[in-house]
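Here are the chains, one letter per residue:
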Protein chains: 4
Amino acid sequence: MNNFGRKFRLSIFGESHGKSVGVTIDGCPPGIPVSEEDFMPDLDRRRSGAKGTTPRQEKDLPEIISGVFNGFSTGAPLTVIFKNEDTRSKDYSKLVEHPRPGHADFTGFKKYKGFNDYRGGGHFSARLTLALVSAGVIAKKIIQPIDIQANLIKVNGNINIDKAIDDAIAKGESVGGIVECQALNIPIGLGEPFFDSVESVISHLVFAIPAIKGIEFGSGFQAAEMYGSEHNDLIIDESGKTKTNYAAGINGGITNGNNLIFRIAVKPTSSIAKDQETFNLKSGKVEHLRIGGRHDVCVALRVPVVLEAVTAIALADFFLLADLD
Amino acid sequence: MNNFGRKFRLSIFGESHGKSVGVTIDGCPPGIPVSEEDFMPDLDRRRSGAKGTTPRQEKDLPEIISGVFNGFSTGAPLTVIFKNEDTRSKDYSKLVEHPRPGHADFTGFKKYKGFNDYRGGGHFSARLTLALVSAGVIAKKIIQPIDIQANLIKVNGNINIDKAIDDAIAKGESVGGIVECQALNIPIGLGEPFFDSVESVISHLVFAIPAIKGIEFGSGFQAAEMYGSEHNDLIIDESGKTKTNYAAGINGGITNGNNLIFRIAVKPTSSIAKDQETFNLKSGKVEHLRIGGRHDVCVALRVPVVLEAVTAIALADFFLLADLD
Amino acid sequence: MNNFGRKFRLSIFGESHGKSVGVTIDGCPPGIPVSEEDFMPDLDRRRSGAKGTTPRQEKDLPEIISGVFNGFSTGAPLTVIFKNEDTRSKDYSKLVEHPRPGHADFTGFKKYKGFNDYRGGGHFSARLTLALVSAGVIAKKIIQPIDIQANLIKVNGNINIDKAIDDAIAKGESVGGIVECQALNIPIGLGEPFFDSVESVISHLVFAIPAIKGIEFGSGFQAAEMYGSEHNDLIIDESGKTKTNYAAGINGGITNGNNLIFRIAVKPTSSIAKDQETFNLKSGKVEHLRIGGRHDVCVALRVPVVLEAVTAIALADFFLLADLD
Amino acid sequence: MNNFGRKFRLSIFGESHGKSVGVTIDGCPPGIPVSEEDFMPDLDRRRSGAKGTTPRQEKDLPEIISGVFNGFSTGAPLTVIFKNEDTRSKDYSKLVEHPRPGHADFTGFKKYKGFNDYRGGGHFSARLTLALVSAGVIAKKIIQPIDIQANLIKVNGNINIDKAIDDAIAKGESVGGIVECQALNIPIGLGEPFFDSVESVISHLVFAIPAIKGIEFGSGFQAAEMYGSEHNDLIIDESGKTKTNYAAGINGGITNGNNLIFRIAVKPTSSIAKDQETFNLKSGKVEHLRIGGRHDVCVALRVPVVLEAVTAIALADFFLLADLD
C-alpha cells in the first residue's frame, strides 16, 4: 500500500499527470526546524535537465500545507505537495491499447480494472520519488549526525559515466547503472529483528523505487564465493569497530556501529527512442511501438538522492523506535 | 518486530536453547486441510544431518496447539510449536564476553542491554527458520496452484556443490552460495505498490533469514549493463506472456503472469572450526577465539526450503489482499 | 497516530488555522464514481451556520488532488483537501499561557514540547472532522446498499432540541447531547475478532471525534440491569433475524445481519461565553479567562454526519477485509 | 484480527476446548523481572469458583515458553501458554444446528463457513481473557508506578452484589453489571491522536472483551446533560491538576496527569439455565433450547481483572511510544 513506517510513517499520493504529487509524514517529532527552502538542495539533485535526463521541466516547488508552525515541526502530520505543471497528456493516449514493454501499463490496467490513470505512468511514475526525496529531507534532520551519501558508480558497466551516456544517446538507447550508498556515524542498536532487520526495511523501501533490480549489503553477492575466515569481520576494539566490514555494519539485522554500505542495480529506462515490437491488445497482433513523451536515457543518474532518502527514512523509523542509551 | 503480513500475518517466537520455537499464523482462511504430517516434507528438507550441515539433531516435530479443528483450519489463529531438545548450552557460556565475529552476539548484547538469551544465538538463531518453514507450508496451500521451487545453484562459486563442501570441510572453513527461486502459475495482479511491491515484500522477508547478503530479481545486477532495447520484455500475446523475462514476472511491483524468478546470496556460516582473533570485551584485548558448539559448514544447503517458505508467505498475503477477477 | 484502517486506510492532516485540512484514502477500490460535488451534501450537513453553531463561515470546498481520473477512483490514493480561509488567529494568541479548560491546550503544549500549533486548537480542532466526513462519503459508496443514519436525539437531556439550544444561548452556556446511529442492510460476517470486533473499531473511531464521552451498543448500559432471559435476542428465522435486537446486530464482534445501532454522548462545548477561573501558567495564579473566538453552543448539532462517516469508514474496512459469500 | 498494539504488541491464540490458550507479547523491553509466579495473583482473581461463576475448574497454570532468560525479559517475544484440561466437549455437539441466542455460534458459523471450532465458544470463548490477563501482568510492570484498579460497582442495578447474585441463581437467570476502572499516577502526554486517543485505544481493547455493551469516560453519558461551565475542569496548579475530573484525566485524547477513570457495562451471561425458544437451522423451526455446559451466572464478577489488564496494555503501548520528558 501507500503507507510505510511504524513511528516515522509516510503516506504518499499523486500521479504523474494529475494535479499533484505529495507526502504526509506522520510521527515527525516536534521542534525540528523546517522550511520550504530546506527541500531545495535534494530536490535539485533529483531534478531532470542534465545530459541523460528527461527534458520534462518541472519547477518542483514544495508547498508545506500542514505540520509546520513558526518554522518548526509541530508533531502533527507534515504534508508537502508539488503541483504538476509541465504535463503533456496527449502523448500517452494510445498506450492504453498498446502497453509499453517494461512499464506498468499492462499490470496497472489489469490490477485496477482499467480505471488506473495511465498518463505518464500515473501513480507508478518515477515522479512519485519527489515524495520520497521530501520525506528524506525530514528524515535526514531527525537522524543527525548520521551522514548518508549515495553515488552512481557505474553506468552500463562503465566507470566513465559521461562516455556511457553519450554512447546511449548516440544509439537511441537507454542504460542502467549501479548506485552505492554509505551511511556514517551510525549508532549501535538500530534495527528490529526478527522481521525488521536493517536490511529488510531498507530493501523494502529500495524496491519501491521504480527500476531497481537488485540490492546487496557489504560483501553482497561476492560473499557467496568467500570462506568464513575471510568474511568474518574481526572486532578490534570495545566500540565494536571491525577490521573489515563485509557485514555492512549490520549483525543479526542490527547496526553494529560500523558504516552501513550497500549497492543497488538500476535497470535501463524502459522508454526508449527506438522502435519496439510488442503486442497490441486492440488489434490482437504484435505491432511496432514508438514511444513518445519525454524520458530519461539513464534514470540511474537521478537515483542517488532518492536512495539517500529511503535510507534516511528507514533509519529515522529505527531511530525513533529504538531505546538507545 | 516479530510480526509480519497484513492479512496473512505471522507472529514468531522462541530461542535456540529455550523451551521452544513457534509461530502463530493469523488470517489463515478457514477450511484449509491441515495436519501435523503436512509439515514433515518441508521440515525434513530444512533439517540438518546431511554432509555440510550441523550435527545438532532435533526431531523437529511440529505440534499444532490452536486453529485447527477436525482436520481443517478454523479461521482462528493457527499456532505451531517445536520443543527444543538437543541443546547443550554450556558450549556458549564464554561467548558473552568474547563475541563471535559475524554473529549477533555483540549487537544483541548492546541492543537488549545484556538481557538477551545468548545461548546458541538465542532469538537470532537460524533455528527460528523452523517457524518460517511452518508458515510456508500453510502459505503454499493457500496459493495453489502457484508452484514455488528454490535450488542451491552454486556453493563457493562452484556448481559442483559436493566438491565445494568437501573442500570446505577439509580446510576447517565454511562456505556460502547462491540460491535461486522460481514461482510458476502466478496470477496477474499480485502486489500492492507504491510501497508493497512484490520485490519489496519478498526482499523484506528474505533479509529476515539469517546470513543473506543480497537479492536480485530477473536480470538483477546484470541489468545495469544492458541496453533498454535488450532488457525490455516484449509482450507476445494477450495474456501478457513476454518473449524474455528480465522483469522476473513483475512490472511496477505487480505480477504480470510470467514466472517470478530471483536469486539470493548466502554468506559463509560465521561459526568456523578455525581459530579467529577478535576482541575480548572482558580482557580488553584482541584474543584467539575457538568456537565450540555444532554448526553448518554451509548453511546455504538448508536455505532453499526457507526461501520457498518466505516467498509463499509473501504471495499468500498478496493473494488474500488482492481483488483478483 | 494519524492513520487508521487496514485495507481502507486514512491518513489525515491539517490544522484549524493552517493552510488546509485534508485526508488521503488508501485502499479505495478502483471504479467508484467520485466527483467533488458528491461531497457537498454531507459537508453541508457538517457546516456551521445554523442556530447553536459557530459563526465561523468556511466555504469548505473539497479539492480532489489525486486518485480520481475521468470521474472514477483509480485504486491509487485519493486525496481531498480543504483550504482554510476564514481564520482569525489573533483571537488565540493569549491562550498559550492561559490554557482553556476542557481543551487540549495544556496537553498539546506538554506533549509537543511547546511546538504545537495552538491557533484554534490546531490539529486538535473539530475542523479535522472535515477529513472524516470526506472519507465517509467515499466509504458510503463502497458499502452500498448499507444505509447509515445518525440523529441527534437529545440536547441537554431534552428531546425538544430547539428549546434546549435557546436556553443555552440565553445563559451564555454550552450544552451536550446524545446522538444515535443506525445502519441497515448489513451483511452477516463483518468484523475481525478477537481484537477487531465491530464494536472495537467503531468505538476507536468514535473516540477520535472531539468531545465524545461515551458509547453504548444496543441495550448498552441498560444491559447491566437486565436478566439474561430478557437480553438474549431469540433467533426467529434462518437468515438470523432476531425477535429483539439488544445485541445491536453484533455477536462475538461479528455482524449478524440485524441492524447495527449505537448511541454516543457528546459533552458541552468547552469554549463558553462565560468567564472561567483557571490557572495562568505565566502568572502562576488562578485567573479569570474569557474565551474569544467563535464557537458552537452545541457541537452535538454537527456530530451526526461525522458519526455516520466514522461508521461508514469502519464498515468499509471490514467490508473490504471480509471474504463474504 | 488477533494482533494488537504498535510497540507493545500482542498476538493471541487458542480455543476454549482446544489444546491451549496463549499470548505472545512482542516489544516487551528487556530487563523486566518475570516469573511464572508473577502471573498467579491476577490469574487467581480471574479464575472461576466463587459464587456466581462457572463450576468449570481449570488450574490455569501459565507456562512461559519464550522471551525470558535468567528471570528477566530478553526483549525477544514473550510467549505464555495455558493448557486446557477440564474440557467436556460433548456438551456442545448439538449447538451447531441450534445456535445459542446471544452467543457467536451463528455468526462464527457463517463467517468461518462452518469450520470454526464451536466447542465452548471456541476462539470466541471468555477463556481467551487468560491471554489478556497475562499480557496485563507484564504491562503493569512496564508502566509502574501507574496503579490501576477496577471494581464491580453494581450487579443488576444493585450495589449489594451478593444479594443480586443470590437472586439470579434462585431464578435460573444470569445478570450483568457495571465495572469501574481507575488509573493513578499517570504521566502527562500519553495518547497519540488524532486516531489513537487514550479513549480510542482503551475502548478498542475493552470491546474485545466478550459481553461488553458500553463504555463511558469521566462524566460519560451524564455529560450530555451538563452545561459547559459545570463540565469544564478548571486547572488549579501548574502541574495541570484540575478542580473536577469530568474529563477523566484526558484532553484532546492525551493524558493530563489527573486520574484516568471510566466505567463499562457488562451484559448478563448469554448462557442461562432456563429454556429458550430460538430457531433450529436443521429443523427449520423455532424450538426449545436448553443449554448444557457450565457457565457463569454473572460474568461481570470476573471482569475487573480483565479490565485492568486491557487498560495496562493500552497504557504500556502509549508509554513505550511516547517521548516523555
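Quick caveat: nothing in here was measured; it's all calculated off a predicted structure.

Rules used throughout
Residues numbered from 1 in each chain as written. Chains lettered and ligands numbered in written order. Predicted model: local features only at pLDDT ≥ 70, side-chain atom pairs only at ≥ 80, totals over all residues. Heavy atoms only, no water. Helix = DSSP H or I, 4+ residues; strand = E, 2+ residues; numbered from the N terminus. Contact = heavy atoms within 4.5 Å. Least-squares fit on C-alpha atoms with pLDDT ≥ 70 in both. Buried < 20%, exposed > 50% of the residue type's maximum accessible area, 1.4 Å probe, protein only. Buried area = accessible area lost by both parts, 1.4 Å probe. Salt bridge = Lys/Arg side-chain N within 4 Å of Asp/Glu carboxyl O. Polar contact = N/O pair within 3.5 Å; in protein donor to acceptor, adjacent residues only side chain to side chain. Pairing = 2+ DSSP bridges. Axes fitted to C-alpha atoms, helices over the stretch in contact; angles between N-to-C directions. Expected span 1.5 Å × (residues − 1). Nonpolar A, V, L, I, M, F, W, Y, C, P; charged D, E, K, R; others polar.

This paragraph deals with the environment of H295(A). Residue and element names in this part refer to chain A. Along the polypeptide, H295 turns up in the loop between β15 (285-289) and α7 (303-321). For the pair H295 and S270, spaced 25 residues apart in sequence, the C-alpha separation works out to 9.2 Å. Each residue touching H295, except ones within four places of it in the same chain, is listed here: T53, T54, P55, Y92, R100 and S271.

These two copies of the chain differ by a rotation about an axis and a displacement along the same axis. Of the two same-sequence chains, chain B is brought onto chain A (RMSD 0.0 Å, axial shift 0.0 Å) by a rotation of 180°. Given the turn and translation reported, the copies of this chain are related as if by a two-fold rotation axis. Counting the interface residues of chain B, we find that 99% of their copies in chain A are interface residues as well, pointing to one common contact surface.

Another point: helix α5 (residues 198-206) of chain C. The buried count for α5(C) comes to nine of nine residues, which makes it a mostly enclosed element. Here α5(C) has its buried residues at V198(C), E199(C), S200(C), V201(C), I202(C), S203(C), H204(C), L205(C) and V206(C).

Another aspect to go through is the interface of chain B and chain D. Counting from both sides, the interface comprises 40 residues of chain B and, opposite them, 40 residues of chain D. Carbon and sulfur atoms make up 61% of the surface buried where chain B meets chain D, a total of about 3100 Å² over both sides. Contact with chain D buries surface across chain B, with I65(B), F69(B) and F115(B) losing the most and accounting together for 20% of the total. Counting the contacts that link chain B with chain D gives two salt bridges. Between E63(D) and K19(B) there is a salt bridge, and its shortest N-O distance comes to 3.3 Å.

Okay, the side chain of D26(A) next. Position of D26(A) relative to the elements: it lies in strand β3 (residues 20-26). Only 2.6 Å separates the side chain of D26(A) from the backbone nitrogen of N2(C), close enough to count as a polar contact.

What follows concerns the sheet that holds strand β8 (residues 147-155) of chain D. The pairing of strands in a sheet comes from backbone hydrogen bonds and takes either a parallel or an antiparallel form. Spatially, β8(C)-β9(C)-β13(C)-β10(C)-β10(D)-β13(D)-β9(D)-β8(D) is the arrangement adopted by the eight strands of the open sheet, whose pairing is antiparallel. Edge positions in the sheet fall to β8 (147-155) of chain C together with β8 of chain D, since each has one partner strand and no second. For this sheet the average axis-to-axis angle between neighbouring strands, irrespective of direction, equals 20°. Here five bridges tie strand β10 (residues 212-217) of chain C to strand β13 (residues 260-266) of chain C, and the two strands are oriented antiparallel to one another.

This brings us to helix α3 (residues 129-142) of chain D. Taking 1.5 Å as the rise per residue, α3(D) with 14 residues should run 20 Å; its terminal C-alpha atoms sit 20 Å apart, in good agreement. For α3(D), a buried count of 13 out of 14 residues is recorded, marking the element as mostly surrounded by other parts of the structure.

Quick look at the relation of the copies chain B and chain D now. Turning chain B through 180° and shifting it by 0.0 Å along the axis lays it on chain D, with an RMSD of 0.0 Å. The fraction of interface residues of chain B whose copies in chain D are also interface residues reaches 100%, indicating that both copies meet through the same surface.

Next up on the list: the interface of chain B and chain A. On the side of chain A, 101 residues touch chain B, which itself brings 102 residues to the contact. When residues of chain B are sorted by the area they lose upon contact with chain A, F194(B), F195(B) and K213(B) head the list and together hold 11% of the total. The tally of links between chain B and chain A comes to two salt bridges. The salt bridge involving K111(A) is made with E192(B); its shortest N-O contact spans 3.0 Å. On inspection of chain B and its partner chain A, the count reaches 55 residue pairs in polar contact (both at pLDDT 80 or more). Among the residues making up the side of chain B that touches chain A, the classes are represented as 46 nonpolar, 34 polar and 22 charged. Pairing of strand β10 (residues 212-217) of chain A with strand β10 (residues 212-217) of chain B, which is carried by three bridges, proceeds in the antiparallel orientation. Each residue of the ladder has a partner; that of I215(A), found in β10(B), is I215(B).

Everything listed here is a matter of coordinates, which is why it stays silent on function.
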